[in-house]
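Working through the structure, step by step
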Amino acid sequence: ERKIEFLKSGYTIIKDTFLLSISNKSSINSVLTLDSFVVGIPRNYSRNLIYYSAYDALGNLSIVKGEGNEDFQWLEISFPEPIQLNHIEKYNFTVMYVFSDLIKKKPDAENLFHATFPLYPSLIYDVVYCNVTVMLPSTAKVSQDNFPQDIFINKTKNFRILNNFTSPLPAYANVSSWAEFSSPTFPLFKILELKRDLSIDSLGRITVTDFYEISTVNLKEIAFILPSNATDISVYDVYGKYPKYRVWVVKQNPISVVKVTLDEKLKNTKRGKIAIAYTLPFSQYVTRNNWQNYILKVNVTRPNEWIIKRIIIIVTLPEGANFVQEKQGNLEIKRIGFFQERAIFEYYNVTKFQDLVISVNYQYMPLWAAFRPTILAGTLIGVVSLILFFTRSTKAEAAIPAPATPISPETIRKFTEAYEERLHILSDIDYLEQQLRRKKISRRQYRFRRR
């Protein structure tokens, strides 16, 4: 069963569901054991394939690119346990492909789009039957001239669901087909890059700026989905901050959908950049294991609904904090100052079907915000003292330092926890004042919650 669907951003999704059973020509006691299964796509579509996955009723299956030839790109699916097939047992699983650049806007007709796609799955086996369904966008207008009538039959009055049934389907099928549709609201664009700059300050506030680079063809409005409980949202492009009448923030608990009407200058460019700045609640995204160990977790792909060519996540820690995890393949840790570190993650061809979570462990002493001026002052005093020491007369007697008063680790721990609680309270009070200024809460609520 092959289902072909066109996403509103211009990508094509193909889902193939396979039903495997032993042939009726086999003996009644025959058993077939499968450890793996090979599927393929025509070679001329391999450069457009940006994502693929496989799964069955129990979860995801391992799928990797195998050897190919000049006609096909093969993908090998491995089963966690061997599949046993007989005359009674059957097994089904699904393979999903995401293709880019298979939908083009026709230059000679307004709002008319032409889509090409591989009609059949490419297999090394003969198939008893293959049922193909093409689902055109809900806003599309289609006539009987918008698809090859010798291949498809229409399933609906509005021609938006097309069907092809083939039995049998021979092995190594390599057939392409097409469909056209018109729609004034079908947006054809790409998000080429998302750069998310996330910073945590010494008071426990998380500020985020998402920089989007998009390729627009016919885009007038775009909706961005932010992480849950985002506040203080602002939208910018290279021409400045967007006014309120161009930005709508729709709360869909707990996420926020930001709808942006693009500037006319941006709509007329092939590539544009948009930035969205917002804040996130510390308590929701950062957990504390003990008095100085923290874990930051942010889901990158959900609830984001777009397919993004490249994602760069930059996490900047407060001064005095440091990462404690080992370097990974997609993670780079940089020191951007004497007391400050930054982590950089990088991913390619990220889709909404993945569950990509950024998780970083770091250590931070909340007292650092208070200690830093003391450390700087102490360093300055130390440098001055060294200069005086080396310039004074060698006959001068060295002063005997007074013994330091010992402080128990328990006292330091209690003081650290109390100081951290104070910083969180100050952050909460600052947030309440912002809510009061925006008239989100009444003055009575403000006084009560502040007290």
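Everything that follows concerns the structure shown earlier in this document.
Residues numbered from 1 in each chain as written. Predicted model: local features only at pLDDT ≥ 70, side-chain atom pairs only at ≥ 80, totals over all residues. Heavy atoms only, no water.

Quick word on the overall build of the chain
Filter applied, for reference: Secondary structure follows DSSP: runs of H or I at least 4 residues long count as helices, runs of E at least 2 residues long count as strands, and numbering of each begins at the N terminus. Exposure classes here rest on a 1.4 Å probe applied to the protein chains alone. A residue is buried below 20% of its type maximum, exposed above 50%, and partly exposed in between. Any two residues whose heavy atoms approach within 4.5 Å at even a single point are treated as in contact. Only the protein chains shown count as cover for residues, and the accessible areas themselves come from Shrake-Rupley with a 1.4 Å probe.
Broken down by element type, the chain carries five helices and 28 strands. When burial is assessed residue by residue, the chain has 41% of its 451 residues classed as buried. Residue pairs in contact within the chain that sit at least 24 positions apart in sequence constitute 72% of those at least 6 positions apart. Carbon and sulfur atoms make up 53% of the accessible area of the chain, which totals about 25,800 Å².

As for the sheet that holds strand S19 (residues 247–252)
Picture the strands of a sheet paired through backbone hydrogen bonds; they go either parallel or antiparallel. Applied cut-off: In this scheme, strands are said to pair when DSSP sees at least two bridges between them. Axis lines are fitted through C-alpha atoms, for helices just across the contact stretch, and the angle between N-to-C directions can take any value from 0 to 180 degrees.
Pairing within the open sheet is antiparallel, and its three strands lie in the order S16-S20-S19. With one partner strand each, in any of the chains shown, strand S16 (221–226) and S19 form the two edges of the open sheet. Between one strand and the next, the sheet's axes are offset by a mean angle of 20°, whatever the strand orientation. Pairing between S16 and strand S20 (residues 255–261): six bridges, direction antiparallel. Among the inter-strand pairings, Ala-223 is bridged to a residue of S20, identified as Lys-259.

A closer look at a positive patch on the surface
Quick note on the threshold: Nonpolar side chains (Val, Leu, Ile, Met, Phe, Trp, Tyr) within 5 Å and like charges within 9 Å form the patches, drawn only from residues with over 30% relative accessible area and no salt bridge. By definition here, a salt bridge exists when the distance from a side-chain nitrogen of Lys or Arg to a carboxyl oxygen of Asp or Glu is within 4 Å. Working convention for charge: Lys and Arg count positive, Asp and Glu count negative, and His plus the chain ends are omitted. Positions of charges follow a simple convention, taking NZ of Lys, CZ of Arg, CG of Asp or CD of Glu.
A grouping of Arg-443, Arg-444, Arg-447 and Arg-451 is seen on the molecular surface, where their side chains present a positively charged patch. Positionally, Arg-451 belongs in the segment after helix H5 (443–450). The class of Arg-451 is exposed, set by a relative accessible area of 76%.

Focus on the side chain of Asn-131
For clarity, the cut-off: Counted as a polar contact is a pair of N or O atoms within 3.5 Å, where, for protein atoms, one must be capable of donating a hydrogen and the other of accepting one, and residues adjacent in sequence contribute only when both atoms are in side chains.
Here Asn-131 is to be found in strand S10 (residues 130–135). Given the relative accessible area of 17%, Asn-131 is considered buried. Among the polar contacts listed, one links the side chain of Asn-131 to the side chain of Glu-1, at a separation of 3.0 Å. Once residues within four sequence positions are removed from consideration, Asn-131 is found in contact with Glu-1, Arg-2, Asn-163, Asn-164 and Phe-165.

Describing the packing of aromatic side chains
A ring pair, where both rings are aromatic, is described by two values, the distance of the centres and the angle of the planes. This is how it is decided: To pair, rings of Phe, Tyr and Trp, with the six-membered ring standing in for Trp, must have centres within 6.5 Å; the planes then decide the type, stacked if under 30 degrees apart, edge-to-face if over 60, and tilted in the middle.
All chains considered together, the criterion is met by 24 aromatic pairs. A network of ring pairs unites the aromatic residues Phe-6, Phe-113, Phe-117, Phe-152, Phe-181 and Phe-186 as a single cluster.

A short note on the pattern of salt bridges
A complete count under the given rule lists eight salt bridges for this structure. Here Arg-205 ties to Asp-201 by a salt bridge, and the two come within 2.8 Å at their closest N and O atoms. Owing to a relative accessible area of 32%, Arg-205 belongs among the partly exposed residues under this scheme. On the accessibility criterion, Asp-201 (25% relative accessible area) is partly exposed. Put simply, Glu-193, Arg-310 and Glu-346 are held in one network by salt bridges that share partners.

A closer look at the environment of Ile-429
With respect to the secondary-structure elements, Ile-429 resides in helix H4 (residues 409–437). Along the chain, Ile-429 and Arg-449 lie 20 residues apart, while their C-alpha atoms are 8.5 Å from each other.

Some thoughts on the environment of Gly-320
Turning to its location among the elements, Gly-320 is positioned in the loop between strand S24 (308–316) and strand S25 (322–323). Sequence-wise, Gly-320 and Ser-202 are 118 residues apart; in three dimensions their C-alpha atoms are separated by 8.9 Å.

Remarks on the nonpolar core
Heads up, the condition is: For this analysis, a nonpolar core means a set of buried residues of the types Ala, Val, Leu, Ile, Met, Phe, Trp, Tyr and Cys, connected via side-chain atoms within 4.5 Å.
Ile-206, Leu-296, Val-315, Phe-345 and Tyr-362 are the most contacted members of the largest nonpolar core, which has 49 residues in total. Tallying contributions element by element places strand S14 (residues 189–200) first for this core, with five residues. The contact partners of Val-315, leaving out residues within four places of it in the chain, are Leu-198, Leu-296, Phe-323, Glu-341, Arg-342, Ala-343, Phe-345 and Val-360.

Topic: the sheet that holds strand S11 (residues 153–154)
Strand order across the open sheet formed by 10 strands is S3-S6-S5-S4-S7-S2-S1-S10-S12-S11, with mixed pairing between neighbours. Edge strands, defined here as strands with exactly one partner in the open sheet, are strand S3 (32–42) and S11. Relative to S10, strand S1 (residues 2–6) is paired through four bridges, and the arrangement is parallel. Looking at S10, one finds that Arg-2 is bridged to Val-132.

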